[in-house]
Amino acid sequence: MRKILCFALCFLFLSQATGGFSAQIDMNTLKRLTAKYQFCIVMNEDDPAAMKFIYADYAQHVHVYAQEKGRLVLDWETTNLASRIVSLFVADLFKDKTKELVIATEAGRILVYDAQSYDLIWENLQHPFKKINCMTASDIDGDPQDELIFIADDALYIYDSLNRAIEWQSQERFTGQEILVDNLDDDPQPEIILNSGSIIDSRFYNTEFEIEGSFGDRIRLFDMNGDGIPEIFGEYANYSLRIYDIYAEREIW
């Protein structure tokens, strides 16, 4: 399946580059093709005129493509970011109805760009890190802005995106390549889910649940039994799948 998706994407871009693809780009189809890939984003899918396709490449660049006369054309790209990109997402960090493009690199850089003008809003120059594993954004404390939640230098960080201040840093060592945030139990606050096998309470920052090994190389959440609480679906490098019910504290499949 992955080879088929890669072939479809390559065909799409080669067709665009050679002028052989004359029909209007179906960005919804493009979104389905890229949904499995961590570093591909279709932005503004609800507004066909403003839809954009964003991806990170192995050459340490981020590219943004827009539609123009039925073709994808380069709208903007970063300079070389000097190390591998480990997180890439678009979010309304400040809850002001504008979107930001957030990039984290393995060598410890966090960059926040305006997703429309591509102006650099902020970089973590005052809080440097040697290595960042992964990052996400979520409002976990009820203030107006999202927090940046990331693993850097073997610690878990909660970072205020508006005030550019560290809200919390773990003393415990954490690893992982993916972070999700959702409510996995019956208390009001969400949990921070690391694919490496740890569940951390977002209010008290204690480890609520932990397994030996990991939940999987890739993790997703889905409420499979209709109880209103999502389960963790873990995909492993050998393409096997496991499902964990954290509320019941057990593997269910």
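Everything quoted here is computed from the prediction, not taken from an experiment.

Participant: Honestly, the overall build of the protein in this entry has me stumped. Any pointers?
Facilitator: The helix and strand tally for the protein stands at 2 helices and 20 strands. Classification of the 253 residues of the protein by burial places 49% in the buried group. Counted over contacts in the protein with a minimum sequence separation of 6, partners at least 24 positions apart contribute 34%.

Participant: Looking at this model, I keep getting lost on the packing of aromatic side chains. Mind explaining?
Facilitator: Two measures describe an aromatic ring pair: the distance that separates the ring centres and the angle between the ring planes. Evaluation of the coordinates by the stated rule reveals 12 aromatic pairs. Where Trp76 meets Tyr113, the ring centres are 5.0 Å apart and the plane angle is 65 degrees; that geometry is what we call edge-to-face. Taken as a pair, Trp76 in strand β4 (residues 71-77) and Tyr113 in strand β7 (residues 110-114) lie far apart in primary sequence, 37 residues in all. We classify Trp76 as buried; its relative accessible area is 17%. On the basis of relative accessible area, Tyr113 is assigned to the buried category, the value being 9%. In this structure, Arg242 packs its charged tip against the face of Tyr236, placed 5.3 Å from the ring centre.

Participant: For this particular structure, what's the right way to read the pairing of strand β1 (residues 40-43)?
Facilitator: Regular strands have side chains that alternate between both faces of the sheet. The two faces of β1 match: Cys40 and Val42 on one face and Ile41 and Met43 on the other face are all buried. Across 4 bridges, β1 lies against strand β2 (residues 52-56) in antiparallel orientation. Counterpart to Cys40 in the pairing with β2 is Tyr55.

Participant: Looking at this model, I keep getting lost on the confidence of the model for the protein. Mind explaining?
Facilitator: The share of residues in the protein with pLDDT of 70 or more is 89%, and the mean pLDDT across the chain is 88. Across residues 1-8, confidence stays below pLDDT 50; counting only partners more than four residues off in sequence or on other chains, it has 10 contacts. pLDDT under 50 marks residues 16-23. Its contacts with residues more than four places away, or in other chains, come to 11 contacts.

Participant: Help me understand the pattern of salt bridges in this model?
Facilitator: Where charged atoms of side chains with opposite charge meet at close range, the side chains can pair. Scanning the entire structure with this criterion turns up 8 salt bridges. A salt bridge links Asp146 to Lys95; the shortest N-O distance between them is 2.5 Å. With a gap of 51 residues between them, Asp146 in the loop between β9 (132-138) and β10 (147-152) and Lys95 in the loop between β5 (85-91) and β6 (100-105) connect regions that are remote in the sequence. The closest approach of N and O atoms between Arg220 and Glu178, which form a salt bridge, is 3.4 Å. Within this pair, whereas Arg220 is found in strand β17 (residues 218-222), its partner Glu178 is found in the loop between β12 (165-169) and β13 (179-182), the two being separated by 42 residues in sequence. What makes Glu178 buried here is its relative accessible area of 9%.

The rules behind the values
Residues numbered from 1 in each chain as written. Predicted model: local features only at pLDDT ≥ 70, side-chain atom pairs only at ≥ 80, totals over all residues. Heavy atoms only, no water. Helix = DSSP H or I, 4+ residues; strand = E, 2+ residues; numbered from the N terminus. Buried < 20%, exposed > 50% of the residue type's maximum accessible area, 1.4 Å probe, protein only. Contact = heavy atoms within 4.5 Å. Phe/Tyr/Trp six-rings, centres within 6.5 Å; stacked < 30°, edge-to-face > 60°. Lys NZ or Arg CZ within 6 Å of the ring centre and 35° of its normal. Pairing = 2+ DSSP bridges. pLDDT = per-residue confidence, 0-100. Salt bridge = Lys/Arg side-chain N within 4 Å of Asp/Glu carboxyl O.

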